[in-house]
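Given next are the chains, with one letter for each unit.
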Amino acid sequence: MKILVCLGNVPDTTTKIKISDNKLDATGIQWIINPWDELALTRAMELKEDANNLVDGVSVVSVGLASAEPTIRKALAIGADEAFRIDCEPTDAFFTATQLSLVAKDFDIVLTGIESSDYNGISVGGMLAEIIGSASVSAVSSLNIDADKIIVSREIDGGKETVSTQLPVVLTVQKGIAKDPRIPAMRGIMMARQKPLKVIAATSTANLTEILKFEMPQAKGKCKMVDAENVAELVNLLRNEAKVI
Amino acid sequence: MNFEFTEEQLMIRDAARDYVQREAIKDVLERDEKSEFPAKHVKALGELGFLGMMADPKYGGGGMDTVSYVLAMEEISKVDASLGVIMSVNNSLVVWGLQKYGNDFQKDKYLPALCDGRQIGAFLLSEPEAGSDASHQHTTAEDKGDYYLINGTKNWITNANSASVYLVVAQTHPEKKHKGINAFIVDKNSPGISLGPHENKMGMRSSDTHSVMFTDVKVPKENRIGDDGFGFTFAMRVLEGGRIGIASQALGIAGGAMERAIAYSKERKSFGTEISNHQAIAFKLADMAVKIENARNLCLKAAWLKDQHKPFGIFSAMAKQYAADIAMEVTTEAVQIHGGYGYVKEYHVERLMREAKLTQIYEGTSEVQKIIISRDLLHD
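Our subject in this report is the structure included herewith. Since this is a predicted model, take the numbers as computed values, not measurements.

1. Some words on the side chain of B:Asp80
Residue and element names in this part refer to chain B. By secondary structure assignment, the location of Asp80 is in the loop between α3 (66-79) and α4 (81-101). Here the side chain of Asp80 touches Ser82 through a polar contact of 3.1 Å, landing on its backbone nitrogen. Beyond its immediate stretch of four places on either side in the chain, Asp80 contacts Ala24, Val28, Arg31 and Arg351.

Dropping the structure here:
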C-alpha cells in the first residue's frame, strides 16, 4: 500500500501578512509545511511504522517553485521516503488539484490537509478525488488501515461518523488525525538530501477562479474600560456606540 | 564572507526550538523550583540526535557542524538553560573529547550510547582547590601496573548523578606538574565512587550538580585517554571547544530574556500607553538586541573557525566572556522592564537572570577568559 501526502508551502502562522500589488508580499516570510498537511504526514508515518499495515512507502508532493524545496525536504527529514515537486506556482484550487493529479493517480491513499492556512480554500482534496476518479472522504479525524480497506472517522454535528472506504481514496484530514507534528531528528535531517526529490513539469491548465482583490481586516477599535460600578455607562456604550444591544 | 545558514542548519535550529517551545517549557518552572533533573527531555533530545550532534555518524552521531550546534544550544537555552548545560557537557566535553582523542576501542565502546542519550557523560576536572587553576590537581591516579588507582574529590560536577560515563582528570606524576596529569574514562558505578549531596544552586537548578569522591577506584589501563601525561592538554583542548557551547547557552539565556521583555513591554501599560512606547524601555530593548547580535556573531565565528579546522581558542574565549557578561546584563534589564512581575517566578526572567550568573563562572570564569585573551595579545 502506498501513501501520498500533499504538502502546501505556507507562511509561518505567526507571520504578519502584508499585501502589495494585490499579492502577498513574500519579503522576510518564513515558509512552513501547512499545519494540517504536517499532521497528515505524521499519521502517514505512524501507519507506516506499524508493520501490520503493510505500507510500502510514504511519498510527499507539493506544487511549487524551487523555493518550496526546503519545506519539502523537511518532510523528507521527518521520514517521507521520496518527494515530488510539480514545478509551477499554485494559483487556484482547480489548478493545484490538476497538478497534484499527475502524481496522485499512482497511490492508494492520498492525504491532504482540510485546508491551507494561507488561502483557506478547502477545495483541493475534493477536486483531486474527482479528477483521478477515486473515493473521497472529507474532514477526517482518524484513519486506520484494515487489510485492503480503510476505516476513517469524521466529526459531524453533535457526534462522530465512522466510514469504511475502498481504495484508492483521497482523504482531507483535520485536527485530531495525529497528536503533534513530528520534529525531524538529526539523522533524518542528514539523510534528507540523499532521498529522491523528483521535479515534474506542470501540466497546462487554466484557473477556474480569479482573485479580484485582498482586503486587510479592519483595525480593532480601542478598548474602553468601564468602571464595575457604572452599569448605566456600560449599557449606554453597548447600545449607542457598539450598537450591539 | 557568507552570513547565510544552510537549509540543514536552519532545520536543526527549528527542530531545537520546536522541541523546547512545545515540551520543555511545560515543566521548566516546576523543575527549577524542585531542582528536578529533566530526564524525559534528555531522553527525547537524545532520540532527536541533540546529544551527539557533532559526532561521526558511524558512532551514531549527527555529523553536524559546530555552527548548527550554536544554533541549537541558543534555542534550547532560551527556554531551559539547565537542559542547555546538560547538552553542552555531553556534546562538547564528553563526546567531542572522546571522539577527538579516544582510541578506536574507547570510541566504539562509549560513543554510541552517549550520542543517542541512552547514557550521558560528565567531565570531572574542578576540585575544591582547583577550579580556574586546573593544573594543580590534587586527585591522584597512581599507576599500579595494569590499572590506575584514583583517589580524591571533584567538585561542581554537572550530570554527576545522571551520568554513566565520567571523564576524570587526575595527577599521576606530581613531580612533572601539569605534564604528569592524565584523563580517564571511568564507569560511574565503579566501586569506591560516592557522591556528595545535590548542590542547592542559585540557578540551573534542573541540572544535577554534586561533588564526587574517589576512594581507591580501580580504572583499567585501557581507559586512559591518549599517552601518559596527556591529561592536562586534553582538558584544555576540550574546554576550548566547550566554551563555544557555554557561550551559546549564555546567548540563548539573553535571547530568551529579550523575547520575554519585548512581549511584556507590548502588553503592559503605564501612563496610558504600552511601556514599549516609553523611550526608557525601548532603548533598553535596543541595547539588548545589539549585545545579543554581537554575542551571536562571536559564537558563530568561533564555531565556524572550529569547523574549518582553524585555531579558534581565542575566539571561543571572547565568545564565552562576552556572551556570559551580556547575558547577565540583558537578563537584569529584562527583570527591570518587567518591574515587580519580573521579580516573581512565573514570569521566567528572574530564573533566566539566575541562570545567566553561572555562565560567568563555570567552564572558565569571565576573568579566566580575559587571561586567555590578553595572554594571546601580549604573547611575543
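Having put the structure on the table, let's press on.
2. A few points about a nonpolar patch on the surface
On the surface, A:Val231, A:Leu234, A:Val235, A:Leu238, A:Val244 and A:Ile245 cluster together into a nonpolar patch covering about 490 Å² of accessible area. Examined against the element boundaries, A:Ile245 turns out to sit in the segment after α6 (231-241).

3. Things to note about the sheet that holds strand β13 (residues 197-201) of chain A
Residues and elements named next belong to chain A. If you trace the nine strands from one edge of the open sheet to the other, you get β11-β10-β9-β12-β8-β1-β6-β7-β13, paired in mixed fashion. What marks the edges here is a single partner per strand, and that holds for β11 (159-165) and β13. Sheet twist, expressed as the mean angle between neighbouring strand axes with direction ignored, is 35°. With four bridges connecting them, strand β9 (residues 135-146) and strand β12 (residues 169-173) associate as parallel partners. Directly across from Ala135, in β12, lies its bridge partner Val169. Helix α2 (residues 69-78) contacts β6 (57-63), β7 (82-87) and β13 of the sheet and is inclined by roughly 160° relative to β7.

4. Details of the interface of chain A and chain B
Contacts between the two partners involve 16 residues from chain A and, on the opposite side, 22 residues from chain B. With both sides pooled, the region where chain A packs onto chain B buries about 1,600 Å², and carbon together with sulfur makes up 61% of that total. Applying the counting rule to chain A against chain B returns three salt bridges. Residue A:Arg193 pairs with B:Glu8 through a salt bridge whose shortest N-O separation is 2.5 Å. Run the count over chain A and chain B and you get five residue pairs in polar contact (both at pLDDT 80 or more). Within the residue set of the side of chain A that touches chain B, elements represented by two or more residues are α2 and α5 (186-192) of chain A. Considering only residue class, the side of chain A that touches chain B consists of nine nonpolar, one polar and six charged.

5. What to know about helix α6 (residues 231-267) of chain B
All names here are of chain B. Look at α6: 53 Å from first C-alpha to last across 37 residues, which is about the 54 Å you get at 1.5 Å a residue. The largest bend along α6 measures about 30° and falls at Gly241. Within α6, 27 of the 37 residues are buried, leaving the element largely enclosed by the surrounding structure.

6. What about the packing of α4(B) against helix α5 (residues 104-115) of chain B?
All names here are of chain B. The geometry of α4 relative to α5 is characterised by a closest axis approach of 10 Å and an angle of 155° between their N-to-C directions. Relative to α5, the element α4 lies roughly antiparallel. Here α4 and α5 pass one another in a crossing that is left-handed. Contacts between α4 and α5 involve Asn90, Val94, Val95, Leu98 and Gln99 from the first element and Lys107, Tyr110, Leu111, Leu114 and Cys115 from the second.

7. Thoughts on the nonpolar core
Ranked by internal contacts, the top residues of the largest apolar core, which has 152 residues, are A:Leu171, B:Phe50 and B:Tyr166. Excluding residues that lie within four positions of it along the chain, A:Leu171 makes contacts with A:Ile109, A:Val110, A:Leu111, A:Thr112, A:Val137, A:Val140, A:Leu143, A:Ile150 and A:Val152. Of all hydrophobic cores here, the second largest spans 17 residues; its members include A:Leu4, A:Ala104, A:Ala129 and A:Val170.

8. Overview of empty space enclosed by the protein
Residues and elements named next belong to chain B. Applying the stated criterion to the full structure yields one cavity of 30 Å³ or more. There is about 40 Å³ of room inside the largest cavity. Every residue lining the largest cavity is listed: Met54, Thr66, Tyr69, Ser92, Trp96, Gly241, Gly242, Ile244 and Lys306. Residue assignment for the lining of the largest cavity shows that the elements contributing at least two residues are α3, α4 and α6.

9. Remarks on the environment of A:Ser153
All names here are of chain A. With respect to the secondary-structure elements, Ser153 resides in strand β10 (residues 149-156). Residue classification places Ser153 among the buried positions, given a relative accessible area of 4%. Through-space distance from the C-alpha of Ser153 to that of Glu233 is 50 Å; in sequence the pair is 80 residues apart. With sequence-adjacent residues up to four places away left out, Ser153 is seen in contact with Ala139, Val140, Ser141, Ser142, Lys160, Glu161 and Thr162. Side chain to side chain, Ser153 and Ser142 meet in a polar contact 2.8 Å long.

Parameters and conventions
- Residues numbered from 1 in each chain as written.
- Chains lettered and ligands numbered in written order.
- Predicted model: local features only at pLDDT ≥ 70, side-chain atom pairs only at ≥ 80, totals over all residues.
- Heavy atoms only, no water.
- Helix = DSSP H or I, 4+ residues; strand = E, 2+ residues; numbered from the N terminus.
- Polar contact = N/O pair within 3.5 Å; in protein donor to acceptor, adjacent residues only side chain to side chain.
- Contact = heavy atoms within 4.5 Å.
- Patch = residues over 30% accessible without salt bridge, like charges linked within 9 Å, V, L, I, M, F, W, Y side chains within 5 Å.
- Areas by Shrake-Rupley, 256 points an atom, 1.4 Å probe, with all protein chains shown as cover.
- Salt bridge = Lys/Arg side-chain N within 4 Å of Asp/Glu carboxyl O.
- Pairing = 2+ DSSP bridges.
- Axes fitted to C-alpha atoms, helices over the stretch in contact; angles between N-to-C directions.
- Buried area = accessible area lost by both parts, 1.4 Å probe.
- Nonpolar A, V, L, I, M, F, W, Y, C, P; charged D, E, K, R; others polar.
- Expected span 1.5 Å × (residues − 1).
- Bend = angle between axes of the 7 residues up to and from the residue.
- Buried < 20%, exposed > 50% of the residue type's maximum accessible area, 1.4 Å probe, protein only.
- Parallel < 35°, antiparallel > 145°, perpendicular 65-115°, else oblique.
- Left-handed = near helix turned anticlockwise from the far one by under 90°.
- Core = buried A, V, L, I, M, F, W, Y, C linked by side-chain atoms within 4.5 Å.
- 1 Å grid on protein atoms, 1.4 Å probe; cavity = no way out; pocket = protein on both sides within 12 Å on 5 of 7 lines; lining within 4 Å.
- Points joined across faces, edges and corners; volume = space filled by probe spheres on them.

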